[in-house]
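Per-entry structural report
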Amino acid sequence: MNHNKKNSRRGFIQQTALASAGIILATPIKMFAEIKINKNMSKNIKTRGYAAKDNSGKLSPWEFERRPVGDNDILIDIKFASICHSDIHQMKGDWGEQQYPQVPGHEIAGIVSAVGKNVTKFKVGDRAGVGCMVGSCMECDNCRHGEEQYCDKGTTLFTYGYPDKTSPSGITQGGYSNNIVVTEHFAIHIPEHISLQEAVPLLCAGITTYSPIMNANFNIGDKVGVAGIGGLGHLAVKIAVSKGAEVYAFTTSKDKVKDILSFGAKEVIVVDDLDKLKPFKGKLDYMISTIPVQFDLAAYSSVVKPHGHFTQVGMPAGFEITVSTMGLGNNRVNINASMIGGIPETQEVVHYCADNKVLPKIEIINASQINEAWAKVLHKEARYRYVIDAATF
């Protein structure tokens, strides 16, 4: 972010704070309500949610507490939380040993119900979301330039399962719950022209695909491939199409073809055999893979033109993919990986998708259906993002 933009944003925040002060002075009843909220901020927040108690991959109800609302915090009454494959990987210990009980969920949307005294970005009643991060040092170069996920000091605090001294349970607890306390910087405004349930998948699936697609800098009409058409992949197709790409979707699920074409893809390739990739060798300008399991990366990347780029965003167990270096050498494709996006870019994708009606395909479920939904995600039966109604926790 350049210096002028920083000054502009600072000015906007100052103006908003002054305007808010004027409103409070003009409405003593609202001021009393705010004082009443602040009086209760010193207490831990009672919370209901669904937690993993071990690495079985099964969740059950759990009552716990969140930290009090601090001076720079907001309290969000969660209305919807959606299910990401990452939730399953982490709760099952695929990415390393975990501390339990642990509440997953990093696609969260709801209504602000309390604010700390220093908060300027939100007011009570605002629509807000939380994605994959809830903290970082905010001092290093990356943090100050909107890349908090790459904190130079390694202090990025992810939304669940990370050591957190402010949490009564000792770790961050995620969004499969009825509320969350978060520092205002790490909350996202949800505009009025998108529903909370459609906005919520954008906070991980949306930003995880939007960020590398934007950084690919492809031209209108370029051929863009998307591999793995699930929660992330179907949004990648829609985003790339909205940016003017000619999209080729690669899936192992034959029953998704009709859906994928309706998302705007030019062609759908059912990869039930790697030979299905051969006709596309060296044909695409760019490819993004959301595949979250082991696969033949060299074979898939071969569809990209030599010196083109291939981005991996799916994270398999152990964060590792076995790859043929000879296969990569023959392709001469530039391989990279990407992890979510910073807070400014997350805010950007929410507004972009709301403005351009780039909306996820969702199915709303009750909390009691979470374990069933997880099983369907693992068996590629999700169509395409399960969204939990938080009123059912």
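If you open the UniProt record of the protein and go to Cofactor (unreviewed entry), you find "Zn(2+)". Entered under Sequence similarities (unreviewed entry) in the UniProt record, the comment concerning the protein runs "Belongs to the zinc-containing alcohol dehydrogenase family."

**Things to note about the packing of aromatic side chains**
By the definition in use, this model includes 10 aromatic pairs. Chaining the aromatic ring pairs together yields one cluster made of Tyr248, Phe250 and Phe280. Looking at Arg383, its charged tip hangs above the ring of Tyr384, at a distance of 5.8 Å from the centre.

**A look at helix H11 (residues 343-356)**
Owing to its 3.6 residues per turn, the α-helix aligns residues three or four sequence positions apart on the same side. The end-to-end C-alpha separation of H11 is 20 Å, in line with the 20 Å expected for 14 residues at 1.5 Å each. Within H11 the residues assigned to the buried category are Ile343, Glu345, Thr346, Gln347, Val349, Val350, Tyr352, Cys353 and Ala354. Each element contacted by the buried residues of H11 is listed here: strand S6 (133-135), strand S9 (187-189), helix H6 (205-216) and helix H7 (231-242). Of the residues trailing H11, Lys357 is marked for its positive phi of about 55 degrees.

**Observations regarding the packing of H6 against H11**
The description of two helices packed together rests on the angle between their axes and the distance between the axes. The interhelical angle for the contact between H6 and H11, taken along N-to-C directions, is 95 degrees, at an axis separation of 10 Å. Here H6 is positioned roughly perpendicular relative to H11, judged by the angle of their axes. Where H6 abuts H11, its residues Gly206, Ile207, Tyr210, Ser211, Met214 and Asn215 lie against Glu345, Thr346, Glu348, Val349 and Tyr352. Grouping the constituent residues of the contact of H6 with H11 by class yields five nonpolar, four polar and two charged.

**Observations concerning unusual backbone geometry**
Here Tyr100 and Pro101 are connected by a cis peptide whose omega angle stands at -5 degrees. Residue placement: Pro101 occurs in the loop between helix H3 (85-91) and strand S4 (108-115). Note the cis peptide between Arg383 and Tyr384, where omega equals -5 degrees. Mapped onto the elements of the fold, Tyr384 is located in the loop between helix H12 (370-378) and strand S17 (385-389).

**Overview of the side chain of Arg66**
Looking at where Arg66 falls in the secondary structure, it is placed in strand S2 (residues 59-66). Among buried Asp, Glu, Lys and Arg side chains, Arg66 stands out as unpaired, with Asp164 the closest opposite charge at 7.7 Å. Separated by 2.6 Å, the side chain of Arg66 and the backbone oxygen of Asn179 make a polar contact. Among all residues touching Arg66, those that are not within four sequence positions of it are Asn44, Ile45, Thr47, Pro168, Gln173, Gly174, Ser177, Asn179, Ile180 and Val181.

**Some details on the side chain of Asp222**
Looking at the secondary structure, you find Asp222 in the loop between H6 and strand S10 (223-227). Buried within the structure, Asp222 lacks any salt-bridge partner; Lys305 is the closest side chain of opposite charge, at an N-O distance of 6.4 Å. If sequence neighbours within four positions are ignored, Asp222 has contacts with Ala245, Glu246 and Asp285.

Reading the values: rules and limits
- Residues numbered from 1 in each chain as written.
- Predicted model: local features only at pLDDT ≥ 70, side-chain atom pairs only at ≥ 80, totals over all residues.
- Heavy atoms only, no water.
- UniProt positions renumbered as here; feature names shortened; annotations may be inferred.
- Phe/Tyr/Trp six-rings, centres within 6.5 Å; stacked < 30°, edge-to-face > 60°.
- Lys NZ or Arg CZ within 6 Å of the ring centre and 35° of its normal.
- Helix = DSSP H or I, 4+ residues; strand = E, 2+ residues; numbered from the N terminus.
- Expected span 1.5 Å × (residues − 1).
- Buried < 20%, exposed > 50% of the residue type's maximum accessible area, 1.4 Å probe, protein only.
- Contact = heavy atoms within 4.5 Å.
- Axes fitted to C-alpha atoms, helices over the stretch in contact; angles between N-to-C directions.
- Parallel < 35°, antiparallel > 145°, perpendicular 65-115°, else oblique.
- Nonpolar A, V, L, I, M, F, W, Y, C, P; charged D, E, K, R; others polar.
- Lys, Arg positive; Asp, Glu negative; His and termini not counted.
- Salt bridge = Lys/Arg side-chain N within 4 Å of Asp/Glu carboxyl O.
- Polar contact = N/O pair within 3.5 Å; in protein donor to acceptor, adjacent residues only side chain to side chain.

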